[in-house]
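Close look at the chain arrangement
Listed below, chain by chain, are the residues.
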Amino acid sequence: MKEALLIKNTLLPNFEDLTTEKSDILVENGRFSKIAPSIDANCSTLDAQQKLILPGMADIHTHMVQSLTKGPLDDLNITHWLTKMLSAQWSLNEEEWYYGVLLGCLQSLRFGVTAINEMTYFPHIDAVVQAYQDAGIRATFGIGATDFAENDQIKITSIDECLRQAEYLYDKWHCKGLLRTAAVPQGRPACTAELMVELKKFARERGLVYHTHLAEGAFETDRIRKMTGRGEAEELGYLGVLDENTILAHSIWLSDEEIQLLADTKAVVAHCPSTNMKLSDGAPRIAQMLKAGVRVGFGCDGEASSANRDLLREARHGSYLQKVLTLDATVMPANQCYQMLTKNAMQALGYQDLGMIEVGAQADFSLVKTDDICTTNRRRILTNLLYAGSGYQIDTVYVAGKSVFENGKFLHHDIGKVLEKCEKILSDLEQRM
């Protein structure tokens with residue numbers, strides 16, 4: 001028997017011309033099976049009341065546990081910030097890790113993000129994965145591996161142990177339910193060349209995403225250049241780890257030649273504008289990357305740096321930052337941003353049937369209220385949502401055809417109790433910090 005849902009009277013977006021069209025959509029067995037101006041079906045019905053339907057969005061670079069350190073680390077430079085953030089993070093016990101990750105995942109879902117790409121850590125990994133599963137979010141995740149200490153808070157791990165941890169995750173959780181695992185070196189400044197190469201070999205043998213930081217800090221990037229004679233992206237190219245399954249967070253301090261290298265290798269850049277601005281990392285040349293053919297998606301990073309889980313707001317920040325950086329108001333227009341939030345980001349994570357509202361695609365979607373004062377003018381709903389609205393206008397979210405957030409409420413979580421628990425953890429954590 002087919003499990004079916006009929007969505008009536010929704011506004012279907014066209015991201016090419018930024019128009020919407022009133023439509024009915026039938027979901028069967030977790031996939032979109034029919035889209036038409038009007039559909040009759042004997043099944044459960046959801047009257048969208050002309051709410052906008054958006055494909056599930058993907059956050060392609062994040063650290064979920066940092067939801068617990070949003071606030072205490074504000075207005076610090078990157079060096080001081082990193083030391084304090086890691087010190088706080090390593091002090092967390094298993095229950096605190098669980099609630100930190102759960103809080104981050106629930107916030108992501110609330111803002112229409114149905115898939116995340118998470119750089120996490122091995123302590124309490126079972127609790128981390130339990131939080132993904134309890135939230136009901138798609139998670140691609142791996143251990144942020146490092147075998148070189150950038151500061152006295154970095155925990156170094158041997159190459160053999162890093163590979164053992166990656167294997168442990170792969171054997172236990174890869175492709176189990178909504179989970180996928182990845183190979184995740186922290187980045188060349190915190191990893192030896194050998195670790196970068198070995199984890200890429202591990203990823204290629206298993207068809208996994210390879211997720212790392214790239215050229216986030218000017219000082220660290222300069223150190224790599226002095227050590228190797230190459231820029232960070234050039235170094236990764238030399239090591240042979242750049243390809244279509246490589247996701248590179250930040251990618252700020254790159255030469256023109258390195259930008260072209262990313263385009264040629266089909267690597268993906270995760271643009272995290274809130275973090276880059278708030279920590280004063282610098283402004284990546286995303287407009288130039290897109291013009292060169294580099295694949296780009298958005299990431300909220302960790303809330304300790306970005307203070308943000310609203311991916312729509314992240315896209316607005318990203319677009320505005322490129323417009324002022326280039327002094328060209330036409331760069332990173334709304335239609336391109338929507339593609340970067342949805343289809344392009346999902347493809348970067350290896351999903352070929354997500355990030356779109358099309359027959360046959362998996363039914364990850366959100367419904368967005370369009371009667372908000374920020375999005376008046378029904379001929380400009382999509383541009384007004386991106387530039388004037390926010391993720392708070394999303395009131396319903398489905399993952400794999402199942403509702404997780406409906407009419408502004410989580411279906412499987414008492415959010416009041418979750419927040420009460422997190423508030424107690426935050427109070428204890430601030431005392432420790």
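In the block above lies the structure referred to throughout.
One structure accompanies this document, and this report is about it. (Residues numbered from 1 in each chain as written. Predicted model: local features only at pLDDT ≥ 70, side-chain atom pairs only at ≥ 80, totals over all residues. Heavy atoms only, no water.)

Details of the environment of Phe32
By secondary structure assignment, the location of Phe32 is in strand E3 (residues 31-36). For Phe32, a relative accessible area of 1% gives the class buried. Taking the C-alpha atoms as reference points, Phe32 and Asp264, 232 residues apart in sequence, are found 34 Å from one another. (Helix = DSSP H or I, 4+ residues; strand = E, 2+ residues; numbered from the N terminus. Buried < 20%, exposed > 50% of the residue type's maximum accessible area, 1.4 Å probe, protein only.)

Some points on the sheet that holds strand E7 (residues 113-120)
Taken together, four strands build an open sheet; the order of strands is E6-E7-E8-E9 and the sheet is parallel. Pairing within the sheet leaves two strands with one partner each, and these edge strands are strand E6 (57-62) and strand E9 (179-181). Shown here is a sheet whose adjacent strand axes are inclined to one another by a mean of 15°, direction ignored. The sheet contact formed by E6 and E7 spans four bridges and is parallel. Each residue of the ladder has a partner; that of Asp59, found in E7, is Ile116. This element, helix H4 (residues 159-173), spans strand E8 (138-143) and E9 of the sheet and lies at about 155° to E8. (Pairing = 2+ DSSP bridges. Axes fitted to C-alpha atoms, helices over the stretch in contact; angles between N-to-C directions. Contact = heavy atoms within 4.5 Å.)

A closer look at the environment of Phe202
Within the fold, Phe202 resides in helix H5 (residues 193-206). Between the C-alpha atoms of Phe202 and Ala183, which are 19 residues apart in sequence, the distance is 7.2 Å. Residues in contact with Phe202, not counting those within four places in the same chain, are Leu163, Ala166, Glu167, Tyr170, Ala183 and Leu208.

What to know about the environment of Glu28
Position of Glu28 among the secondary structure elements: in strand E2 (residues 19-28). A distance of 2.8 Å separates polar atoms of two side chains, one belonging to Glu28 and the other to Ser33. (Polar contact = N/O pair within 3.5 Å; in protein donor to acceptor, adjacent residues only side chain to side chain.)

Here we look at the pairing of E2
Sheet analysis places strand E1 (residues 4-14) next to E2, joined by nine bridges and oriented antiparallel. Residue pairing across strands places Leu6 opposite Leu26, the latter belonging to E2. Joining the antiparallel neighbours E1 and E2 is a turn of four residues, in which Leu18 adopts a positive phi near 60°. In this sheet, E3 lies alongside E2 in antiparallel orientation, the contact comprising five bridges. Directly across from Val27, in E3, lies its bridge partner Phe32. A loop of two residues connects E2 with E3, the two strands running antiparallel in sequence, and Asn29 in this loop sits at a positive phi of about 50°.

Section: the packing of helix H7 (residues 232-239) against helix H8 (residues 256-265)
Closest axis-to-axis distance for the H7/H8 pair is 8 Å, and the angle between their directions is 40°. When the interaxial angle is binned, H7 and H8 end up oblique. Judged by the sense of rotation from one axis to the other, the crossing of H7 with H8 is left-handed. Here Glu232, Ala233, Glu234 and Gly237 of H7 come into contact with H8, specifically with Glu258, Leu261 and Leu262. When the residues that make up the contact of H7 with H8 are grouped by side-chain class, the tally is three nonpolar, one polar and three charged. (Parallel < 35°, antiparallel > 145°, perpendicular 65-115°, else oblique. Left-handed = near helix turned anticlockwise from the far one by under 90°. Nonpolar A, V, L, I, M, F, W, Y, C, P; charged D, E, K, R; others polar.)

Overview of a nonpolar patch on the surface
On the surface, Val324, Leu325 and Leu327 cluster together to form a nonpolar patch covering roughly 330 Å² of accessible area. Along the chain, Val324 falls in helix H12 (residues 311-326). Taking the relative accessible area as the measure of exposure, Val324 reaches 56% and is therefore exposed. (Patch = residues over 30% accessible without salt bridge, like charges linked within 9 Å, V, L, I, M, F, W, Y side chains within 5 Å. Areas by Shrake-Rupley, 256 points an atom, 1.4 Å probe, with all protein chains shown as cover. Salt bridge = Lys/Arg side-chain N within 4 Å of Asp/Glu carboxyl O.)

Here we look at the sheet that holds strand E12 (residues 268-271)
One open sheet accounts for four strands, arranged E10-E11-E12-E13; its pairing is parallel. The sheet is open, and its two borders are formed by strand E10 (210-214) and strand E13 (295-298), each paired with just one other strand. Between one strand axis and the next, the sheet turns through 30° on average, direction left out of account. Of the strand pairs in this sheet, E12 and E13 are connected by four bridges, and their pairing is parallel. Bridged to Val268 within E13 is Arg295.

Some points on H12
The end-to-end C-alpha distance of H12 is 23 Å, a good match for the 22 Å that 16 residues give at a rise of 1.5 Å each. Burial in H12 covers these residues: Leu311, Leu312, Glu314, Ala315, Arg316, Gly318, Ser319, Leu321, Gln322 and Lys323. Regarding H12, its N-cap is Asp310, as a side-chain oxygen of that residue lies 3.1 Å from the backbone nitrogen of Leu312 further along. (Expected span 1.5 Å × (residues − 1).)

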